[in-house]
Amino acid sequence: MDCQVAILAGGLGTRLKSMMGSLPKPMVPILDKPVLEHQIELCKQHGFERIALLVHYQAAVIRSYFGDGSRWGVEIAYIEEADARGTAGALRDALHVLKDKFLVLYADTYADIDLKRLWQAGIETDSVGTLVAHPCDYSHHSDLLQLDEANYIKAIRPYPHPTDVCYENVSNAALFVLQKKHLIDFIPAQGQYDLVKDIIQSMITEGYKFKAYITLEYIKDTGTPERLKKVEQDLISGLPERLSFRQKRVAVFLDRDGTLNKEVNYLSSAKQLELLPGAGQAVHRLNRAGYLAICVTNQSVLARGTATWEDMRQIHAHLDHLLGQDQAYLDRLYLCPHHPDSGFSGEIPELKKVCNCRKPNSGLLDQAIKELNIDRRPSWIIGDTTSDILAGQRVGVRTILLRTGHAGLDNKYPVIPDYICDDILSAVEWILSGHADALKRLMPVAVEFQEARMVLMGGPARSGKTMSAQVLKELIESMGRIAHVLPLDAWLKSKEQRIEGGGVLSRYDLDRLISILKPLLKTNKRVTLALPLWNRKKIERVSTRSISIGPDDLLILEGVPALLHPALREMTPHRLHLDVSQKIRHQRMYFEYQWRGLDAPEIDQCIASREQDEVPDVLAAAQYAQHNVSFSEQ
């Protein structure tokens, strides 16, 4: 019979012997089922029912288990090597039973990939073969592909890699669509050869075109005990399902400069790129959780002429290399090379234009959402500028502003992020666990307060009020009401107006706020409120943002003094007090004061002053709250 699929199943499984003894590599179980059985079921699922098993070591064991394949609804032919001839030699000996174009799988790989999509891509290309490629978490130990702009393979970079060279994380995934007629001439009839390193690399050198089929679907090598265990854990957690085309994926869009790596203003060389602390760990956690990590970045250095496309390739190869040290990878990177303004020495005229891809426009995110089958609603963007936040708002994803990089102090756009986090690692922790935990804790509050006109949310500084207020807003709006968060910090007095040691209330102009709220709560008309925006680093007002408030909308007032002012408490019985452990509060305050430029003694003094001047009164005010929510055990 003419087979549509060749599965290379002759491996000894040397690296697994300590775990599996003499069991042949394809028979190593994944959740009590041989890895080869998973592959055969994958072929059947996508309509590939005629399979050639290329066997060698313990071939009888494999024959005994799979027989003619009828148990799985497929037809199996066996091609058994007398002597091991490598992946290329085994394939050469099986060409006589294969169709003119066929799929090749390695039996030590677990894959959950849409083979129909791969096959169609292999048919439509003008290349002599298609190699599946993907970013992976062990790129430092993988054969990597160098691609051109159209994803044709320029070279194969076999492992081990030189220590002084960085390659982009495009790994050979060991799945192929190949043509019989080209392989017959290139694979010798005798001798041992590797399909990729010896044969395909030689064909590329001689000018034959191979195309990379880049996919974000789940493909993992199972050749070591550690990798085998990881695959089993991933199957139990549902990771392959989350990465498949069977459902929309969830993504976290990541800005580059100031978010992943240190902001150096117009980075133009790989030597300038340095990851921010925790960036690799953060991306690794997204990878392991099944969130797509998508970098979206404006790179006007290309339009300005201060960096070339080759410079940019090297920069991103270096970025991939640094992330790979933490077993992390970006699923995809999208960049805008344009800049709307002219007049720069050495600029590239064709890149000087107004475009839809430059953030805060949504073009890069829209492209990713379409190409990668991303669900907007549960997805996020993390960035350090108002351009990042506005781009996220325009595509309908949740937004997180970081206090790294520009920290939102560019003030180009009057936008309010959904959440503010200290750095990328804390942002990812919020996405993966903190947000869901807050939803769970605040759901009973939202149910009880859903008919309220105004809610007060108080608690000590850095106890999570701002984040929790936004979560409460999300919950209320999921119940069909519009809610607005009014941060009481918007009514902070200027430094000159504050009385040192005068207590919490002396730092706020709450009388002015109350004079605004009283008529607002009584009117049946829509009211526009000018909300002051602050530069938290310099503690000064920078602009205002207009909020249109309807008579049926809910107001959530959050801030340290929310429960302290009697007149505020008289305006609503719906009150909530939040707290965290002192240790967590102090860690967060230390980071903020350090971010503002204070040295260690100054920070210690400020924290001690707040503990004496502010915290006792704020904690005592918990008695006025209907609900007390503590995140201290986090």
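Scroll up to find the structure this text is about.
Quick caveat, the model's predicted, so the values are computed rather than measured. (Residues numbered from 1 in each chain as written. Predicted model: local features only at pLDDT ≥ 70, side-chain atom pairs only at ≥ 80, totals over all residues. Heavy atoms only, no water.)

K.L.:
Please explain the overall build of the protein as it appears in this structure.
P.N.:
When its secondary structure is counted, the protein shows 21 helices and 24 strands. For the protein, the C-alpha atoms occupy an extent of roughly 90 × 60 × 50 Å along the three principal directions. Burial statistics for the protein: of 634 residues in total, 55% are counted as buried. Across the protein, the centroid of the 76 positively charged side chains sits 4 Å from that of the 80 negatively charged ones. (Helix = DSSP H or I, 4+ residues; strand = E, 2+ residues; numbered from the N terminus. Buried < 20%, exposed > 50% of the residue type's maximum accessible area, 1.4 Å probe, protein only. Lys, Arg positive; Asp, Glu negative; His and termini not counted. Charge placed at Lys NZ, Arg CZ, Asp CG, Glu CD.)

K.L.:
Just to check I follow, could you spell out the environment of W430 for this structure?
P.N.:
In this structure, W430 sits in helix 15 (residues 424-449). The exposure class of W430 is buried, given its relative accessible area of 12%. The sequence separation of W430 and Y419 amounts to eleven residues, and the corresponding C-alpha distance is 9.3 Å. In contact with W430, not counting residues within four places along its chain, are W380, I400, Y419, C421, H435, A438, M467 and V471. (Contact = heavy atoms within 4.5 Å.)

K.L.:
Please explain the pairing of strand 23 (residues 575-579) as it appears in this structure.
P.N.:
Across the five residues of strand 23, five count as buried, placing the element largely inside the fold. Burial along strand 23 is two-sided: the residues R575, H577 and D579 and L576 and L578 are all buried. As judged from the three bridges shared by strand 18 (residues 454-458) and strand 23, these two strands associate in the parallel manner. The residue bridging M457 from the neighbouring strand is L576, located in strand 23. Here strand 23 pairs with strand 24 (residues 627-630) via four bridges, running parallel. In the sheet register, L578 faces strand 24, and the bridge partner there is V629. (Pairing = 2+ DSSP bridges.)

K.L.:
For this particular structure, what's the right way to read helix 15?
P.N.:
An ideal rise of 1.5 Å per residue puts 38 Å on 26 residues; helix 15 reaches only 32 Å between its terminal C-alpha atoms. Taking the largest bend as the criterion, helix 15 deviates by roughly 55°, centred on W430. (Expected span 1.5 Å × (residues − 1). Bend = angle between axes of the 7 residues up to and from the residue.)

K.L.:
Sorry if this is basic, but what is going on with the packing of aromatic side chains here?
P.N.:
Pairs of aromatic rings are described using the distance from one ring centre to the other and the angle between the two planes. Inspection of the entire model under this criterion finds nine aromatic pairs. Seen from their ring centres, Y110 and Y218 are 6.0 Å apart, and the 65° between their planes marks the pair as edge-to-face. With Y110 in strand 5 (residues 109-112) and Y218 in strand 11 (residues 218-221), the pair connects residues that are 108 residues apart, well separated along the chain. Judged by its relative accessible area of 10%, Y110 is buried. On the accessibility criterion, Y218 (1% relative accessible area) is buried. Note on F186 and Y208: the rings are 5.2 Å apart at their centroids and 85° apart in plane angle, and the pair reads as edge-to-face. Pair noted here: F186 is in helix 6 (residues 180-186) and Y208 is in the loop between helix 7 (195-205) and strand 10 (210-214), with a separation of 22 residues, a long-range link. Taken together through their ring pairs, the aromatic side chains of Y65, F66 and W72 make up a single cluster. A cation sits over an aromatic face here: K211 above Y152, 4.8 Å from the ring centre. Here R227 stacks its cationic end above the ring of Y138, 4.2 Å away from the centre of that ring. (Phe/Tyr/Trp six-rings, centres within 6.5 Å; stacked < 30°, edge-to-face > 60°. Lys NZ or Arg CZ within 6 Å of the ring centre and 35° of its normal.)

K.L.:
Looking at this model, I keep getting lost on helix 2 (residues 35-45). Mind explaining?
P.N.:
Quick reminder: α-helices carry 3.6 residues per turn. Residues three or four places apart thus point the same way. When you tally the buried positions in helix 2, you get eight out of eleven residues, the bulk of the element. For helix 2, the set of buried residues is V35, L36, E37, H38, Q39, I40, L42 and C43. Phi for G47, located one or two positions after helix 2, is positive at around 90°.

K.L.:
What is the right way to read the sheet that holds strand 14 (residues 332-336) from this model?
P.N.:
Pairing between the strands of a sheet is mediated by backbone hydrogen bonds and can be parallel or antiparallel. The parallel open sheet is built from six strands, whose spatial order is 14-13-12-15-16-17. Edge positions in the open sheet fall to strand 14 and strand 17 (419-421), since each of these has one partner strand only. Taking each pair of neighbouring strands and ignoring which way they run, the sheet shows an average axis angle of 25°. Where strand 15 (residues 380-383) lies against strand 16 (residues 398-402), four bridges are found, and the strand directions are parallel. Bridge assignment links G383 to a residue of strand 16, and that residue is L401. Packing of helix 13 (residues 363-371) onto the sheet brings it into contact with strand 12 (251-254), strand 13 (292-298), strand 14 and strand 15, and relative to strand 14 it is tilted by some 150°. (Axes fitted to C-alpha atoms, helices over the stretch in contact; angles between N-to-C directions.)

K.L.:
Is there a simple way to explain the environment of M457 in this structure?
P.N.:
With respect to the helices, strands and loops of the structure, M457 is situated in strand 18. A residue is classified by how much of its surface remains accessible, and M457, at 0% relative accessible area, is buried. On a C-alpha basis, the gap between M457 and A562 in space is 6.0 Å, while along the polypeptide they are 105 residues apart. The residues contacting M457, other than those within four sequence positions of it, are K465, S468, A469, L472, L557, E558, G559, A562, L576 and L578.

K.L.:
Explain empty space enclosed by the protein here, please?
P.N.:
The probe, sized like a water molecule, is rolled over the atoms to show the empty space still left. One pass over the full model with this rule turns up two cavities of 30 Å³ or more. Estimated volume of the largest cavity: approximately 130 Å³. The wall of the largest cavity is formed by 16 residues, among which P135, E217, K220, L243 and Y329 lie closest to the centre. Elements supplying a minimum of two residues to the lining of the largest cavity: strand 11, helix 9 (239-243) and helix 10 (279-289). In terms of residue count, the dominant contributor to the lining of the largest cavity is strand 11 (three residues). Here the residues of the lining of the largest cavity are counted per class, giving eight nonpolar, three polar and five charged. The residues that make up the lining of the largest cavity include at least three from each of domain 1 (5-222) and domain 2 (248-429). What lines the second largest cavity is L243, L286, N287, G290, Y291, Y329 and D331. (1 Å grid on protein atoms, 1.4 Å probe; cavity = no way out; pocket = protein on both sides within 12 Å on 5 of 7 lines; lining within 4 Å. Points joined across faces, edges and corners; volume = space filled by probe spheres on them. Nonpolar A, V, L, I, M, F, W, Y, C, P; charged D, E, K, R; others polar. Domains from an automatic or database assignment.)

K.L.:
Teacher, can you tell me more about the pattern of salt bridges here?
P.N.:
Pairing between side chains of opposite charge can happen when the charged atoms of each approach one another. Evaluation of the coordinates by the stated rule reveals 38 salt bridges. Here R63 ties to E80 by a salt bridge, and the two come within 3.8 Å at their closest N and O atoms. Taken together, the residues span a long stretch of sequence, with R63 in helix 3 (residues 59-66) and E80 in strand 3 (residues 75-80) at a distance of 17 residues. For E80, a relative accessible area of 47% puts it in the partly exposed group. Notably, a salt bridge pairs E168 with R313, separated by 4.0 Å at the nearest N-O pair. On the criterion of sequence distance, the pair formed by E168 in the loop between strand 8 (153-157) and strand 9 (171-179) and R313 in helix 12 (residues 309-324) is long-range, its members being 145 residues apart. (Salt bridge = Lys/Arg side-chain N within 4 Å of Asp/Glu carboxyl O.)

Coordinates in, geometry out; function isn't part of it.
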